Amino acid sequence: MTTMIREDEIRFDARDGYSLSGRIITPEQPRAAVLVSSGTGFPKGFYRRIALAGAERGYACLLYDYRGIAGSAPARMRGYKADIVDWGRLDFPAALDRAQALAPGKPLFTLGHSVGGHLVGLADNAAKARAHAFICVGSGHWGRHLAYYRPQVLFFWFAYGSACLALKGYIPPGGMWGGTALPRDVFLQWRRWASRPGYLGDDFEAIGEHCFGAIEAPIRSYQFTDDPIATAGAAQDILDLYSAASTELVTLAPTDIGAARVGHSGAFRRGAEALWPMPYDWFDTMAD
């Protein structure tokens, strides 16, 4: 029996009224809802395949762009003010509420890539979710990266990125940056955290209120051996911030899912199809 799946582009308001771009991918009769949160600079459409895999299993999925990114970007990036904490305090909570509305009265889950797993700890309504799946989520501290990657990332942080800010006022797509245009304050906050061994955990005093230590829902984190950024150590560093949650780190080799390589973003590309059911298999154990 073929599952009828509907896709719709939507707009919805963040906590402060900022208009965000979203996409709903949902079956006719969802059994649960999933909020899919992107990695830094990845547009929501990048996660369409894994969301479709969920919809085929009965999960209504919401994809969205954070403020300043892709469909939620301003007409002019220079001078635009937004940072990662805004994503976690203003955008993620509103998206979680919107995802919950896709399947009223049914379980709610989150699936985050990279920074998408960090935002859970900044959202004051994260307790609504029954569980959180992380894919390639780790500390951005450069010292946790694979050794071959460290010179490249340090050059990006302190030379290339600084030059972009001086010339453009933001990080444009292209060159060393493979993502969408990135607001100045997002880059600067990310760089500050990445310079500290404890990553954003070392910046909690500046961040102010957060709920990393209050999240009690289980977290399962999928990490790949060839990911130069979210290494096993980096992934564990983030899980350690969620000190009240039951956490599990699942380390996979690319060959475990029939892929030649995965890296930091290949889990959502063609060739990684064997991975996509895994978080939903886990959600299934808690969905009924």
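Residues numbered from 1 in each chain as written. Predicted model: local features only at pLDDT ≥ 70, side-chain atom pairs only at ≥ 80, totals over all residues. Heavy atoms only, no water.

Undergrad: Lay out the side chain of H113 in plain terms, naming residues and giving numbers.
TA: Here H113 shows up in strand β5 (residues 108–113). Here H113 falls in the buried class, since its relative accessible area comes to 0%. In this structure the side chain of H113 is engaged in a polar contact, spanning 2.6 Å, whose partner is the side chain of Y47. If we ignore the near neighbours within four places in the chain, the residues touching H113 are S37, S38, G39, F42, Y47, I135, C136, V137, H264, S265 and F268. (Helix = DSSP H or I, 4+ residues; strand = E, 2+ residues; numbered from the N terminus. Buried < 20%, exposed > 50% of the residue type's maximum accessible area, 1.4 Å probe, protein only. Polar contact = N/O pair within 3.5 Å; in protein donor to acceptor, adjacent residues only side chain to side chain. Contact = heavy atoms within 4.5 Å.)

Undergrad: Describe in detail the nonpolar core, supporting the description with residues and values.
TA: With 58 residues, the main nonpolar core has L119, L200 and Y242 as its most contacted residues. When residues in this core are grouped by element, the largest group, eight residues, is from helix α2 (residues 84–100). Discounting residues that sit within four places of it in the chain, L119 has contacts with Y64, Y66, I84, W87, G88 and F92. Membership of the second largest hydrophobic core comes to 39 residues, among which are A51, A55, A131 and A259. (Core = buried A, V, L, I, M, F, W, Y, C linked by side-chain atoms within 4.5 Å.)

Undergrad: So what's going on with the packing of aromatic side chains? Which residues, and what values?
TA: Within a pair of aromatic rings, the relevant descriptors are the distance that separates the centres and the angle that separates the planes. In total, this model carries 26 aromatic pairs according to the counting rule given. Aromatic pair Y59 and F109: ring centres 6.2 Å apart, planes at 70°, arrangement edge-to-face. A residue pair is termed long-range when its members are at least 10 positions apart, and Y59 in strand β4 (residues 59–64) and F109 in strand β5 qualify at 50 residues. What makes F109 buried here is its relative accessible area of 0%. Centroid distance F156 to F187: 5.7 Å. Interplanar angle 85°. Geometry classified as edge-to-face. Residue F156 is found in helix α4 (residues 150–167), and its partner F187 is found in helix α5 (residues 184–194); the two are separated by 31 residues along the sequence. The residues F156 and F187 share a single accessibility class, namely buried. (Phe/Tyr/Trp six-rings, centres within 6.5 Å; stacked < 30°, edge-to-face > 60°.)

Undergrad: Explain α4 residue by residue, including any values.
TA: Its 18 residues give α4 an end-to-end C-alpha distance of 25 Å, which sits within 8% of 26 Å, the value for a rise of 1.5 Å per residue. F156 marks where α4 bends most, by close to 45°. Structurally, α4 contributes buried residues whose contacts are with α5. Residue G169 follows α4 closely and has a positive phi angle near 90°. (Expected span 1.5 Å × (residues − 1). Bend = angle between axes of the 7 residues up to and from the residue.)

Undergrad: Quick one: what's the story with the sheet that holds strand β3 (residues 32–37), residue by residue and with numbers?
TA: Across a sheet, strands are paired by hydrogen bonds formed along the backbone, either parallel or antiparallel in direction. Across the sheet, eight strands lie side by side as β1-β2-β4-β3-β5-β6-β7-β8; this open sheet has mixed pairing. Of all strands in the sheet, those bounded by a partner on one side alone are β1 (5–13) and β8 (247–252). Strand-to-strand, the axes of this sheet are offset by a mean angle of 20°, without reference to chain direction. One ladder, built from five bridges, connects β3 with β5; its direction is parallel. Following the sheet pairing, V36 is matched in β5 by L111. Against the sheet, helix α1 (residues 48–55) engages β1, β2 (19–27), β4, β5 and β6 (131–135), with an angle of about 40° to β2. The sheet contacts of helix α7 (residues 232–241) involve β6, β7 (219–224) and β8, and relative to β8 the element is tilted by about 165°. (Pairing = 2+ DSSP bridges. Axes fitted to C-alpha atoms, helices over the stretch in contact; angles between N-to-C directions.)

On their own, these measurements won't tell you what the molecule is for.
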